Amino acid sequence: MLSDNVKSYLHLHLIVFVWGFTAVLGALISLDAMPLVWYRMGLAVVFIAGYIWYKKIPIQLPKKVLLQLLFAGIIIALHWFTFFRAIKVSNVSVTLACLSTGAFFTSFLEPIWLGRKIIWYEVFFGVIVVIGLSIIFRVESQYIEGILLALSCAFLSALFSVINSKFAKQYNPTVISFYEILGGVLFFTILLLATQSFNAAFFKISAKDWMYLAILSSFCTAYAFIASVKVMKFLSPYTVMLTINLEPIYGIILAVIVFQEKEKMSPQFYIGALIILSTVILNGIVKYAKSKD
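Keep in mind it's a predicted model, so treat the numbers as computed, not measured.

1. Topic: the overall build of the protein
In terms of regular secondary structure, the protein is built from twelve helices and zero strands. Of the regular secondary structure in the protein, the N- to C-terminal order runs α-α-α-α-α-α-α-α-α-α-α-α. Taking 293 residues into account, the globule formula puts the C-alpha radius of gyration at 19 Å, and the protein, at 19 Å, falls close to it. Here the C-alpha coordinates of the protein stretch approximately 55 × 45 × 35 Å along the principal axes. The burial tally for the protein puts 53% of its 293 residues in the buried class. Across the protein, every contact between residues at least 6 apart in sequence was considered, and the portion connecting residues at least 24 apart equals 89%. Roughly 13,600 Å² of accessible area belongs to the protein as shown, and the carbon and sulfur atoms make up 70% of that amount. The positive charge centre, built from 22 side chains, and the negative charge centre, built from 12, are 9 Å apart in the protein.

So, in structure tokens, the structure goes:
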């Protein structure tokens, strides 16, 4: 019988694979980053609300917690915006590889947020990730804008993961996900209204884009988002963040299969990606050894 920790870890890998596919969908959808994220979050809220209604899940929360979740939703909305924007100005492979710096950011953010000491090997593994990233940066410098956007995306992902870890242990993951994604939708809606971006072109979407958006918002967002919050009940934010480093590996493989020549990179790029993957494996070995002490 598998323990809750092992089940959560395996489940997390499935979620990360789904997130890797998210990048491919982002490249396939013809919309710009802002409307893409708005539609993604808006549809996801509808799917989650339907699930809450079907399961009759109570959604009442303390006012302070509700406001904190809505704020966290702004962070995840900005994370998704920088993610899809990076894909649009570079490609899937570069964007996903740069996301792995999230582990480095988390190694510093988690001690500040949770009030614990910095663990040396977390920083060490984070530095290795940066080394892998530096190799990618040197050989793919033509994608500087995409790299900077992806690094911003990684920081926001790390910040969101650390903030969410506290709520995940106390509240229903479906309710958490509903309010957070709702917060992101409201934030971008206000922004779009302020910039008068809601026009006829904004709502003109092809049938193919609607199909991709439906998959993106249901399976890759509503399901994956709720499931990722749920596994945080049993896994530390750093373990979650470092496992998410597999997203580039899954996503790059999928991107090469779907887009072929457009996503094929230099050998040095894949060396950098391999260094990142090795970091994930080493972290698992160290954490297992520590648990046996």
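2. With respect to the side chain of H13
Secondary-structure assignment places H13 in helix 1 (residues 4-28). The buried category is assigned to H13, whose relative accessible area is 18%. If we skip the residues at most four places from it in the chain, H13 touches T243, L246 and Y250.

3. Considering helix 11 (residues 246-259)
Its 14 residues place the ends of helix 11 20 Å apart at the C-alpha level, agreeing with the 20 Å of an ideal helix rising 1.5 Å per residue. For helix 11, the full list of buried residues reads L246, E247, P248, I249, G251, I252, L254, A255 and F259. Residue Q260 follows helix 11 closely and has a positive phi angle near 55°.

4. What about the layout of surface pockets?
Considered as a void within the structure, the second largest pocket measures approximately 220 Å³ in volume. Along the wall of the second largest pocket there are 13 residues; nearest its centre are Y51, T174, A222, Y223 and I226. Looking at the lining of the second largest pocket, the elements with two or more residues in it are helix 2 (33-55), helix 8 (173-194) and helix 9 (207-231). Taken together, the residues that form the lining of the second largest pocket break down as eight nonpolar, four polar and one charged.

5. Quick word on the nonpolar core
Counting residues in each nonpolar core, the largest one holds 74 residues, and the members touching the most others are M41, F83, F84, I181 and L216. Where this core is concerned, the elements lending two or more residues are helix 1, helix 2, helix 3 (63-89), helix 4 (92-99), helix 7 (144-168), helix 8, helix 9 and helix 11. Excluding residues that lie within four positions of it along the chain, F84 makes contacts with T22, G26, A33, L36, V37, R40 and L216. Formed by 13 residues, the second largest nonpolar core is a distinct cluster that contains V94, A97, C98 and L133.

6. Let's talk about a nonpolar patch on the surface
Together, F137, I144 and L148 give the surface a local cluster of nonpolar side chains, amounting to about 250 Å² of exposed area. As for its position among the elements, L148 is in helix 7.

7. Looking at the pattern of salt bridges
For the structure on display, the rule yields one salt bridge. Of the charged contacts, one joins R85 and E145 as a salt bridge, the two residues approaching to 4.0 Å between their closest N and O atoms. Of this pair, R85 sits in helix 3 while E145 sits in helix 7, and the two are 60 residues apart along the sequence. According to the relative accessible area criterion, R85 is partly exposed, its value standing at 33%.

8. Observations regarding unusual backbone geometry
The phi dihedral of K56 falls on the positive side, at around 55°, and the residue is not glycine. You can see K56 is positioned in the loop between helix 2 and helix 3. For K56, a relative accessible area of 71% corresponds to the exposed category. A positive phi angle, near 55°, is found at Q196, a position not held by glycine.

9. Details of the packing of aromatic side chains
By the definition in use, this model includes 18 aromatic pairs. Summarising the aromatic geometry, the rings of F105 and F155 are spaced 5.4 Å apart at their centres and angled 90° between planes, so their arrangement reads as edge-to-face. Remark: F155 occurs in helix 7 and F105 occurs in helix 5 (residues 102-114); sequence separation between them is 50 residues. Among the residues examined, F155 registers a relative accessible area of 34% and is labelled partly exposed. Taken together, a centroid distance of 5.5 Å and an interplanar angle of 35° make the contact between F187 and F188 tilted. A relative accessible area of 27% means that F187 is categorised as partly exposed. The structure contains a cluster of three or more aromatic residues connected by ring pairs, namely W38, Y39, F198, F202, F203 and W210.

About the thresholds
Residues numbered from 1 in each chain as written. Predicted model: local features only at pLDDT ≥ 70, side-chain atom pairs only at ≥ 80, totals over all residues. Heavy atoms only, no water. Helix = DSSP H or I, 4+ residues; strand = E, 2+ residues; numbered from the N terminus. Rg over C-alpha atoms; globule rule 2.2 N^0.38 Å. Buried < 20%, exposed > 50% of the residue type's maximum accessible area, 1.4 Å probe, protein only. Contact = heavy atoms within 4.5 Å. Areas by Shrake-Rupley, 256 points an atom, 1.4 Å probe, with all protein chains shown as cover. Lys, Arg positive; Asp, Glu negative; His and termini not counted. Charge placed at Lys NZ, Arg CZ, Asp CG, Glu CD. Expected span 1.5 Å × (residues − 1). 1 Å grid on protein atoms, 1.4 Å probe; cavity = no way out; pocket = protein on both sides within 12 Å on 5 of 7 lines; lining within 4 Å. Points joined across faces, edges and corners; volume = space filled by probe spheres on them. Nonpolar A, V, L, I, M, F, W, Y, C, P; charged D, E, K, R; others polar. Core = buried A, V, L, I, M, F, W, Y, C linked by side-chain atoms within 4.5 Å. Patch = residues over 30% accessible without salt bridge, like charges linked within 9 Å, V, L, I, M, F, W, Y side chains within 5 Å. Salt bridge = Lys/Arg side-chain N within 4 Å of Asp/Glu carboxyl O. Phe/Tyr/Trp six-rings, centres within 6.5 Å; stacked < 30°, edge-to-face > 60°.

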